[in-house]
Amino acid sequence: MNSGTPAAGHCPAPRSSADASIGVFDSGLGGLSVLRHARVALPAEDFLYVADSGFAPYGERSADWIRERSAVLGEFLLDQGAKALLIACNTATAAAARTLRERWPALPIVGMEPAVKPAAAATRSGTVGVLATTGTLSSSRFAALLDSFGRDIRVVTRPGSGLVEAVERGDFDSPATRAQVVSHIEPLIAEGADVIVLGCTHYPFLRPLIEQAAGPAIRVIDTGDAVARQLARSLGQAGLLRSGGKGDERFWTSAPVSQSAPALRRLWQPLARVDALPV
Ligand code: DGL
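Overview of the structure.

Close to the ligand lie 13 residues, the nearest being Ser-27, Tyr-58, Gly-59, Thr-91 and Thr-201. A distance of 2.7 Å separates an oxygen atom of the ligand from a polar atom in the backbone of Tyr-58. Contacts to the ligand include Gly-59, whose backbone N or O atom sits 2.8 Å from an oxygen atom. Calculation on the ligand without its partners gives an accessible area of 300 Å², and the protein chains cover 99% of this total. Partitioned by chemical class, the residues of the shell around the ligand number five nonpolar, seven polar and one charged.

Written out as structure tokens, the structure reads:
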């Protein structure tokens, strides 16, 4: 992974026109699992998506680094004309959502957090497993989430080491990825979890393997759909919903385009426009 400290610079103003686009970013391709839902919920909107794959994974990086980098990506998206931001990354939300909201108080900013609340409502065994990055699991935001919704249940957590990298490589189904998924799911089941929360936006792309490893009695949940609906609500409240037409998507990656584009196009669509991220 790349090192070095990103430097946030100027502070562009958000667009306040419904015709402007929605900026989305993630440490890489994971946020496409959220964009899929957002595309369905908001068919008329244009989306600008940054895959920060050259700096992935975020999960082991410091919160300060993620805050700085998220500000740089936010600036880039606002420079491209964004009217709202979707932080399609649990780890970046935990580290940076507050800072971004302080920086752009008028901008609708929607983030992600592991679905502990719906999991608490769904569990019958009383034990919920949360698979997420180390950054998310060690954040004060996650601690607050457990405090609010995890009091009456047992929450077993596990960092999904290696899974973000597998998705970034476009390796969704190899024996090595399968074995890695099994090594994360089996301990959660052994602890008695009957609901598994996918607390990282990369993991829905491994959902078939995760469900296979967990078996039919275990419910697997993520927040992509709920977050897309939240984004629609928040644009509506701000008077920024686009009303007609068919929206499109544009993508940037901080990894070499030749390296990132094949997996991105496989997950999105074969002709997706992918450019090099200049920041
Ligand atoms: N998709 C990011 C998330 O939701 C992955 C973080 C990482 O790059 O480690 O947490």
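By the definition in use, this model includes six aromatic pairs. Ring geometry for Tyr-58 against Trp-65: centres 5.7 Å apart, planes inclined by 75°, an arrangement best described as edge-to-face. An angle of 85° between the planes, with centres 5.1 Å apart, marks the rings of Phe-76 and Trp-252 as edge-to-face. Placement of Phe-76 in helix 2 (residues 63-79) and of Trp-252 in strand 9 (residues 249-253) is noted, with a sequence separation of 176 residues between them. You'll find Phe-76 and Trp-252 in the same group, each marked buried. Through successive ring pairs, a cluster of aromatic residues spans Tyr-49, Phe-251 and Trp-268. It is Arg-61 that lies over the ring of Trp-65; its NZ or CZ is 3.9 Å from the centre.

The next point concerns the environment of Pro-278. Structurally, Pro-278 is set in the segment after strand 10 (274-276). For the pair Pro-278 and Ala-44, spaced 234 residues apart in sequence, the C-alpha separation works out to 27 Å. Filtering out sequence-adjacent residues up to four positions away, Pro-278 remains in contact with Phe-76 and Trp-252.

Before going further, it helps to spend a moment on the sheet that holds strand 5 (residues 127-132). In space, the four strands of this open sheet follow the order 6-5-7-8, with parallel pairing throughout. Edge strands, defined here as strands with exactly one partner in the open sheet, are strand 6 (154-159) and strand 8 (219-221). Neighbouring strand axes in the sheet, compared pairwise and without regard to direction, differ in orientation by 20° on average. Note that strand 7 (residues 195-198) and strand 8 share three bridges and pair parallel.

About the cut-offs
- Residues numbered from 1 in each chain as written.
- Predicted model: local features only at pLDDT ≥ 70, side-chain atom pairs only at ≥ 80, totals over all residues.
- Heavy atoms only, no water.
- Near = heavy atom within 4 Å.
- Polar contact = N/O pair within 3.5 Å; in protein donor to acceptor, adjacent residues only side chain to side chain.
- Areas by Shrake-Rupley, 256 points an atom, 1.4 Å probe, with all protein chains shown as cover.
- Nonpolar A, V, L, I, M, F, W, Y, C, P; charged D, E, K, R; others polar.
- Phe/Tyr/Trp six-rings, centres within 6.5 Å; stacked < 30°, edge-to-face > 60°.
- Helix = DSSP H or I, 4+ residues; strand = E, 2+ residues; numbered from the N terminus.
- Buried < 20%, exposed > 50% of the residue type's maximum accessible area, 1.4 Å probe, protein only.
- Lys NZ or Arg CZ within 6 Å of the ring centre and 35° of its normal.
- Contact = heavy atoms within 4.5 Å.
- Pairing = 2+ DSSP bridges.
- Axes fitted to C-alpha atoms, helices over the stretch in contact; angles between N-to-C directions.

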